[in-house]
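Okay, here's what each chain looks like letter by letter:
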Amino acid sequence: MVGRRRRRDEPGEVVDVRCGRGRCVHGRCVHGCCGGHGSIQPPADRHGGRTSSEGTGMDARASRADAEREADVEGRARADGDEAWLLGFDGFDPETEGRREALCTLGNGYWGTRGAAPECAADAVHYPGTYLAGVYNPLHTDLGEHSRDDEHMVNAPNWLPLGFRIAGGEWFRPGSPDVLDYRQELDLRRGVLTRFVRIRDLAGRTSMVTSRRFVSQAAPHLAVLETTFEAVDWSGTVTVRSGVDGRVANRNVVADALLAAGHLVTRSTEQVTIDTVLLQMETTRSGVHIAMAARTRAYAGDRPLTPERRFERDPAGWVAQEFDLPLEPGHPVRVEKTVAVSTSRDRAVLSAPAAVTTWLERAGDPAELLAAHEREWEGLWDEFAVSLQSGDHQALALNLNTFHVLQTLAGVDADLDAGVPARGLSGEGYRGHVFWDEAFVYPILTLRRPDLSRALLGYRYRRLNEARAAARAAGRTGAMFPWQSGIDGREVTPAELFNPRSGRWLPDNSYRQRHVGLAIAYSVWKYYQATGDADFLVHQGAELILEIARFFASLAIHDQAADRYDIDEVMGPDEFHDGPPGVPGAGLRNNTYTNVLTAWVLGRAVETVALLAGRNCRPLWNRLRLRPDEVDGWERISRRMRVVFHSDGVPSQFDGYEDLPEFDWAGYRERYGDIGRLDLILEAEGDSTNNYRLSKQADVLMLLYLFSAEELREQLEALGYELSPEAVVRTVDFYGARSTHGSTLSNVVHSWVEARRDRERSWQFLGRALASDLADIQGDTTHEGIHLGAMAGSVDMVLRCYSGLEIRDDVLWLHPVLPAELDQVAFSINYRDQPIRLELTRTTLRLRLRAGGAAPIVVRVEGREAVLSPGETRDFPLGD
Ligand code: BGC
């Protein structure tokens, strides 16, 4: 992640002074105060003779306020190796800036902001997107016969703008030739993004500018950008412009360039106090009112500065203040920008503008806010960190991926009413829509913070009526959840997609992926199993399961002759098949993944009804009005779904898959290199992926991701089919050889299914899954946002797959299998209110139960059962 360095060979100023903050990594320090790698560094007294922790406001006061805790964190940082916690970038590289911005996004569940330069508006290099969870807006685009309505997660006003110019010169831009040094570092442990810039202008003036920012985990509506200016060898003024910019549009995704993109209209721009400006905007159709206020203060050390402020506004959505600050060597000045945001979706506020101005009035200084923010992250990492004895690269990727999951979701509660956007809050890929990817995310949340899974499942529950209406409109019963979901749960999958290779608009039939509903029901049941949360089941979970079951039962067609049930006209997860050859878009018959999962969900629906018997859930029964014969019908279907097999016993992806010809993998790889988007390649050639045995991603193999081989065998047996262990191996081989892994999710699934068969291969797939965004493995998609499902799934690999962790019948099963590259893994879970630390080596599994009042738990380690009580530590020997 270290990009190009700029002008390293600048003469003079090579010093070897450590700042003593203990956060210098790779021999370099983002505070700009240490020497490292022999690179050019400013002398120590450039901070006014103090170490940088004394020099800047947030650092100085945060460390005073919380010195003890800091020491502890520092101690741990050294123990774990900072390399695993610091994502550093050297130099400024316009080509990869978009990816860097997405990777360096900071958020807290309520909102997220890309790690863009505060000096730049959106252009071909920079994209300072800010996204508010759950804030969507539909827009109409007039494209003649391709006219359309599309719903997007809205790019909200940009709160970052903080421009500066030295001594009346040009406004600074990151790519300018003045830049001597440009370094950026994301501290995953603290959720802080720091940037150090050293510049020398044409007049030979050298200046250092250090900024750091965070989006508060402790105060979800607040964010801070603190910038310190230092004149190295000159005296004069630095002019600063601090504002909020609502002149933004949704322009992050190149493929969406033809679509309407202006989601916001301005309501007002004003200066509310001497140091605070306020911007109010509204989304054009969903009518969400957004208020953003920025308070900007300047200090020399602890002394507040009172520059004369020039107020600027543009009715198109810009409000700012500009002021001059005096600079001289040895006397840095600090500009603290604290920002508050609120929308009309917030609870317990008078109005969005009233809320933001009140919060800013009350907000402490950045140092206090930072201390509280760090405490929250410390708590989150205590719950979520997974430590690995492996290369730092894997550990860094694992932490980065966990970090993104947490900053997208850790702040979500029922009031926020947000789902799991496929690209988090870091870009506009997939328009911020919610797909089935949540199924890859829940496991790592439920095992630590089940309340988060519950809140996120609530997003689905609140859209149940919309799903009911969709089922009715399709002539079915129950609830048909949309493949892509946004503000109200209607289907928002675009009707067409543009193929830049052929210049043609193609119908997008992926809405036929009805399996999204099955994934929701699966997640509800798994949540219940992990937590035993009957209250959730009664109030939301059961209704979801039963309505989804109802829908799939209404899809199942009874073949009387064979006494089997078929499901037709659907797509599986493999988006490269939307119909039989020659009938694109017609959907497929008997997609094995859909059918087997339907049978399973119907079985759980029957179990749910039995579970609720005798409980006080009359309102639920009133809403559902279950007919007595319905449950019997589900039970029957759950035993008689059809599964189609190939002649060698491999479950067929769908009816007819075996008849498709093989694809010329070698030829196409040679011709095109990257064949991840074979659908577009073949369409441009007048061919179709429907015509071949291939897949974009795991489809049948998803079953071995959701169920153990043993469970899957049992399920098929219950359906009257046989799946021998040899057939499982053949199945993995067959589909493994025919996937383009065109979705980042596919690497997770393949890593999982190989874990117990070919550990080396599993490790390779995991490497790819871990690096999905860090290495941008899909060739330049990360700049449109990180891939949250793959990020979470890669963490889950270490958490559940390699430890063999399953929750079945009120027993915590563990059956560890570490790949050769992993000697040791440790993490914590929260099982049935009992915090447990798991420490895994090749030879031993140690379980440490925290002392407390939880009930004893039953564990089964490699088949041996034991009952453990709070406070107990037990070692289980493992055979390799
Ligand atoms: C995958 C889907 C996934 C979506 C959003 C697509 O490329 O095929 O399975 O849900 O991306 O991540």
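Just so we're clear, the structure is a prediction, and the values are computed from it rather than from any experiment.

Reading the values: the criteria
- Residues numbered from 1 in each chain as written.
- Predicted model: local features only at pLDDT ≥ 70, side-chain atom pairs only at ≥ 80, totals over all residues.
- Heavy atoms only, no water.
- UniProt positions renumbered as here; feature names shortened; annotations may be inferred.
- Helix = DSSP H or I, 4+ residues; strand = E, 2+ residues; numbered from the N terminus.
- Buried < 20%, exposed > 50% of the residue type's maximum accessible area, 1.4 Å probe, protein only.
- Domains from an automatic or database assignment.
- Near = heavy atom within 4 Å.
- Polar contact = N/O pair within 3.5 Å; in protein donor to acceptor, adjacent residues only side chain to side chain.
- Areas by Shrake-Rupley, 256 points an atom, 1.4 Å probe, with all protein chains shown as cover.
- Nonpolar A, V, L, I, M, F, W, Y, C, P; charged D, E, K, R; others polar.
- Contact = heavy atoms within 4.5 Å.
- Pairing = 2+ DSSP bridges.
- Axes fitted to C-alpha atoms, helices over the stretch in contact; angles between N-to-C directions.
- Bend = angle between axes of the 7 residues up to and from the residue.
- pLDDT = per-residue confidence, 0-100.
- Parallel < 35°, antiparallel > 145°, perpendicular 65-115°, else oblique.
- Left-handed = near helix turned anticlockwise from the far one by under 90°.
- Salt bridge = Lys/Arg side-chain N within 4 Å of Asp/Glu carboxyl O.
- Arc of directions from axis to C-beta.
- Phe/Tyr/Trp six-rings, centres within 6.5 Å; stacked < 30°, edge-to-face > 60°.
- Core = buried A, V, L, I, M, F, W, Y, C linked by side-chain atoms within 4.5 Å.

Novice: Looking at this structure, how should I read the UniProt feature "active site" (unreviewed entry) in the chain?
Specialist: With numbering matched to this structure, UniProt assigns "active site" (unreviewed entry) to Glu575. Structurally, Glu575 is set in the loop between strand S23 (564–566) and helix H13 (592–612). On the accessibility criterion, Glu575 (25% relative accessible area) is partly exposed.

Novice: Which parts of the structure should I look at to understand the domain arrangement of the chain?
Specialist: It is common to report an interface's size as the accessible area lost on association of the parts. Assigned domains of the chain: these are domain 1 (88–359) and domain 2 (501–523 + 539–727). Between domain 1 and domain 2, the C-alpha centre-to-centre distance is 45 Å.

Novice: Got a minute to help me understand the site of the ligand in this structure?
Specialist: Around the ligand, the structure places Ala422, Tyr430, Phe435, Trp436, Asp437, Trp483, Glu575, Lys696, Gln697, Ser743 and Leu745. Between an oxygen atom of the ligand and a side-chain N or O atom of Tyr430, the distance comes to 2.8 Å. A distance of 2.9 Å separates an oxygen atom of the ligand from a polar atom in the side chain of Trp436. In isolation the ligand has 310 Å² of accessible area, and contact with the protein removes 95% of it. Classifying every residue of the shell around the ligand gives six nonpolar, two polar and three charged.

Novice: So what exactly am I meant to see when it comes to the UniProt feature "binding site: substrate" (unreviewed entry) in the chain here?
Specialist: Under the feature "binding site: substrate" (unreviewed entry), the UniProt entry names Trp436, Asp437, Lys696 and Gln697. Relative to the assigned elements, Trp436 resides in the loop between helix H7 (392–409) and helix H8 (438–446). When its relative accessible area of 3% is taken as the criterion, Trp436 is described as buried. Beyond its immediate chain neighbours, meaning those up to four positions away, Trp436 contacts Trp483, His515, Val516, Ala519, Pro573, Tyr593, Gln697, Met702 and Leu745.

Novice: Just to check I follow, could you spell out the sheet that holds strand S6 (residues 162–166) for this structure?
Specialist: Paired through their backbone hydrogen bonds, the strands of a sheet run either parallel or antiparallel. Reading across the sheet, the four strands line up as S6-S11-S17-S16 and stay open at both edges, with antiparallel pairing between neighbours. A strand with exactly one partner marks an edge of an open sheet, and here the two such strands are S6 and strand S16 (310–314). Recorded for the sheet is a direction-independent mean angle of 20° between the axes of neighbouring strands.

Novice: What should I look at first to understand unusual backbone geometry in this one?
Specialist: Excluding glycine, residues mostly have negative phi values, and the peptide bonds linking residues are mostly trans. We note that Asn590 has phi near 55°; this positive angle belongs to a residue other than glycine. Take Asn590: it is sitting in the loop between S23 and H13. Asn590 sits in the buried class, given a relative accessible area of 1%.

Novice: What is the right way to look at the side chain of Arg463 in this model?
Specialist: Here Arg463 is to be found in the loop between helix H9 (450–461) and helix H10 (464–473). Other than its neighbours up to four places away in sequence, Arg463 contacts Asp417, Phe481, Ser485, Gly486, Ile487, Asp488 and Gly489.

Novice: Looking at this structure, how should I read helix H12 (residues 534–555)?
Specialist: Along an α-helix, residues three or four positions apart point the same way, because every turn accommodates 3.6 residues. Its axis deflected by about 55° at Gly541, H12 carries its strongest bend there. With 19 of 22 residues buried, H12 lies mostly within the body of the structure.

Novice: When you look at the confidence of the model for the chain in this model, what are you seeing that I'm missing?
Specialist: Segments scoring low in pLDDT should not have their predicted coordinates read at a detailed level. Overall, the predicted model of the chain reaches an average pLDDT of 91, with 90% of residues at or above 70. When the criterion is pLDDT under 50, residues 60–79 qualifies, and its contacts beyond four places in sequence or with other chains add up to 31 contacts.

Novice: Got a minute to help me understand the packing of H8 against H9 in this structure?
Specialist: To describe two helices that pack against each other, one gives the angle between their axes and the distance between the axes. Closest axis-to-axis distance for the H8/H9 pair is 7 Å, and the angle between their directions is 150°. Taken together, the axes of H8 and H9 lie roughly antiparallel to each other. Regarding H8 and H9, the two cross each other, and that crossing is left-handed. For the pair H8 and H9, contact is made by Glu438, Tyr442, Leu445 and Thr446 and by Pro450, Leu452, Ser453, Leu456, Leu457 and Arg460, respectively.

Novice: Hey, could you run me through the packing of helix H11 (residues 515–531) against H13 in this one?
Specialist: Across the interface, H11 lies against H13 with an axial gap of 10 Å and an inter-helix angle of 45°. Relative to H13, the element H11 is oriented oblique. Crossing hand, H11 versus H13: left-handed. Note on element contacts: H13 touches H11 through Tyr593, Thr594, Leu597, Thr598, Trp600, Val601, Arg604, Glu607, Thr608 and Leu611, opposite His515, Leu518, Ala521, Tyr522, Trp525 and Tyr528. In terms of residue class, the contact of H11 with H13 is made up of ten nonpolar, four polar and two charged.

Novice: Could you clarify how one ought to interpret the pattern of salt bridges in this entry?
Specialist: Pairs may arise between side chains of opposite charge once their charged atoms sit close together. Counted by the stated rule, this structure contains 66 salt bridges. Close ionic contact of Glu101 with Arg114 constitutes a salt bridge, the shortest N to O distance being 2.9 Å. Of this pair, Glu101 sits in helix H4 (residues 97–103) while Arg114 sits in the loop between strand S3 (111–113) and strand S4 (130–141), placing them 13 residues apart in sequence. In terms of burial, Glu101 and Arg114 fall into one category: buried. Here Glu754 and Arg761 are joined by a salt bridge, their closest N and O atoms 3.1 Å apart. Linked by salt bridges that have partners in common, Arg468, Glu543, Glu547, Arg550, Arg623, Arg627, Asp629 and Glu630 make up one network.

Novice: Whenever I open this one, the sheet that holds strand S25 (residues 811–814) confuses me. Can you help?
Specialist: Taken in spatial order, the four strands of this open sheet run S24-S25-S29-S30, and their pairing is mixed. Looking at strand neighbours, the two that pair on one side only are strand S24 (806–808) and strand S30 (864–868), the edges of this open sheet. Each strand of the sheet is rotated relative to its neighbour by a mean of 30°, with strand direction disregarded. Where strand S29 (residues 857–861) and S30 come together, five bridges link them in antiparallel fashion. Its bridge partner lying in S30, Arg860 is registered against Glu865.

Novice: Whenever I open this one, the pairing of strand S11 (residues 236–245) confuses me. Can you help?
Specialist: It is a general feature of regular strands that their side chains alternate between the two faces of the sheet. Within S11, seven of the ten residues are buried, which leaves it mostly tucked inside the rest of the structure. Relative to S11, S6 runs antiparallel, the two sharing five bridges. Bridging across to S11, Gly163 finds its partner in Arg241. Across ten bridges, the pairing between S11 and strand S17 (residues 318–327) is antiparallel.

Novice: Looking at this model, I keep getting lost on helix H15 (residues 628–640). Mind explaining?
Specialist: When we look at burial in H15, the residues that qualify are Glu630, Val631, Gly633, Trp634, Ile637 and Ser638. Projected down its long axis, H15 shows its buried positions confined to an angular sector of 155°, all on one face.

Novice: How should the environment of Phe645 be read in this particular structure?
Specialist: Among the structural elements, Phe645 can be located in the loop between H15 and helix H16 (665–672). Overall, Phe645 belongs to the partly exposed group, its relative accessible area being 22%. A C-alpha to C-alpha distance of 24 Å links Phe645 and Asn747, two positions 102 residues apart in sequence. Apart from the residues lying within four places of it in its own chain, the contact partners of Phe645 are Val650, Pro651, Ser652, Glu658, Leu716, Tyr721, Glu722 and Leu723.

Novice: Hey, could you run me through the packing of aromatic side chains in this one?
Specialist: Summed over the entire model, instances satisfying the criterion amount to 30 aromatic pairs. Note on Trp436 and Tyr593: the rings are 6.3 Å apart at their centroids and 75° apart in plane angle, and the pair reads as edge-to-face. Of the two residues, Trp436 is situated in the loop between H7 and H8 and Tyr593 in helix H13; the sequence distance between them amounts to 157 residues. For the pair Trp436 and Tyr593, a shared accessibility class is recorded, and that class is buried.

Novice: Would you explain the nonpolar core in this entry?
Specialist: Soluble globular proteins tend to pack their nonpolar side chains together in the buried interior. In this structure, Trp111, Phe229, Trp436 and Leu847 are the most contacted members of the largest nonpolar core, which totals 227 residues. If you tally residues by element for this core, the top one is H12, at 14 residues. No fewer than three residues from each of domain 1 (88–359) and domain 2 (501–523 + 539–727) sit in this core. Those residues in contact with Phe229 that sit more than four places away from it in its chain are Leu162, Phe164, Met208, Val209, Val238, Val240, Leu327, Pro332, Val333 and Val335. Core analysis: the next-biggest nonpolar cluster, separate from the first, contains 14 residues, Ala293, Ala363, Leu369 and Leu370 among them.

Novice: What is the right way to read the environment of Glu230 from this model?
Specialist: Relative to the helices and strands, Glu230 is located in strand S10 (residues 222–231). Taking the C-alpha atoms as reference points, Glu230 and Gly517, 287 residues apart in sequence, are found 56 Å from one another.

Novice: Any chance you could explain the side chain of Asp150 here in plain terms?
Specialist: Structurally, the position occupied by Asp150 is in strand S5 (residues 148–155). The class for Asp150 is buried, based on a relative accessible area of 3%. Within the structure, the side chain of Asp150 is placed 2.8 Å from the side chain of Arg148, a separation counted as a polar contact. Engagement of the side chain of Asp150 in a polar contact is seen with the side chain of Arg431, the distance being 2.9 Å. Contact partners of Asp150, with chain neighbours within four places excluded, come to Asn137, Pro138, Leu139, Leu259, Arg431 and Pro494.

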